[in-house]
Amino acid sequence: MDELDMDLADLLRAAGGMSRQNLLDIRKGRTTPRPKTRRKIEDALRLEAGGYEQMERGEKPTSLPEPPSLRQVAEADFEAVMTMSRADLAKLADLIEQVSGAVAAEKFLRDASDLRRRRSEERGIEPSARDERDVS
């Protein structure tokens, strides 16, 4: 906790679903956590699986590597796009266009179905089974 500049409240928030008393009892050695609770503590402290047992044996637990920052992820994505060939970029553009077209078509069908249902309701006509089915 010290290395991560965490206090008990921070650990409780990060571990989620643990009571303050349970965590205090674990820290003072009054109770042994179940495997699921150990994993929550390891996750909260950014330790690899088995890190809790390492701490119990007095060993320095193995920490997980720091996750990449949003900036690092964006830079990697940018680099990947910059190294794509024109053919790859054209395929990507086609794929984006297909997905956009499919989304637009689905929205159109849903809107048309809603309009048909509203008009039927305004006329007092029961919707047909065809109108009731899910268009998606």
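None of the values given here were measured: they were computed from a predicted structure.

(A) Structural context of helix 3 (residues 35-44). Of the positions making up helix 3, those classed as buried are Thr-37, Arg-38, Ile-41, Glu-42 and Ala-44. Seen along its axis, helix 3 keeps its buried residues to an arc of 165°; they face one direction. Residues Pro-35 and Lys-36 are exposed on helix 3 and point more than 90 degrees away from its buried face. On the buried face of helix 3, the contacting elements are helix 1 (8-15), helix 2 (20-27) and helix 4 (51-56). Once helix 3 finishes, Arg-46 follows within two positions and takes phi at roughly 55°, a positive value.

(B) Fine view of a nonpolar patch on the surface. A contiguous nonpolar surface patch, about 570 Å² in accessible area, is contributed by Val-81, Leu-89, Leu-92, Leu-95, Ile-96, Val-99 and Val-103. For the nonpolar patch, the element with the highest residue contribution is helix 6 (residues 86-123), accounting for 6 residues. Topologically, Val-103 is positioned in helix 6.

(C) Up close: the confidence of the model for the protein. For the protein, per-residue confidence averages 84 on the pLDDT scale, and 91% of positions sit at 70 or higher. Mean pLDDT in the protein bottoms out at helix 7 (residues 129-132), which sits at 50, and peaks at helix 3, which reaches 90.

(D) The nonpolar core, seen in detail. Counting residues in hydrophobic clusters, the biggest one holds 13 residues, and the most contacted among them are Leu-11, Met-18, Leu-23, Ile-26, Ile-41 and Leu-45. Examining the composition of this core, we find that 4 residues originate from one element, helix 1, more than from any other. Residues in contact with Leu-11, not counting those within four places in the same chain, are Met-1, Met-6, Leu-23, Ala-44 and Leu-45.

Calculation criteria
Residues numbered from 1 in each chain as written. Predicted model: local features only at pLDDT ≥ 70, side-chain atom pairs only at ≥ 80, totals over all residues. Heavy atoms only, no water. Buried < 20%, exposed > 50% of the residue type's maximum accessible area, 1.4 Å probe, protein only. Helix = DSSP H or I, 4+ residues; strand = E, 2+ residues; numbered from the N terminus. Arc of directions from axis to C-beta. Contact = heavy atoms within 4.5 Å. Patch = residues over 30% accessible without salt bridge, like charges linked within 9 Å, V, L, I, M, F, W, Y side chains within 5 Å. Areas by Shrake-Rupley, 256 points an atom, 1.4 Å probe, with all protein chains shown as cover. Salt bridge = Lys/Arg side-chain N within 4 Å of Asp/Glu carboxyl O. pLDDT = per-residue confidence, 0-100. Core = buried A, V, L, I, M, F, W, Y, C linked by side-chain atoms within 4.5 Å.

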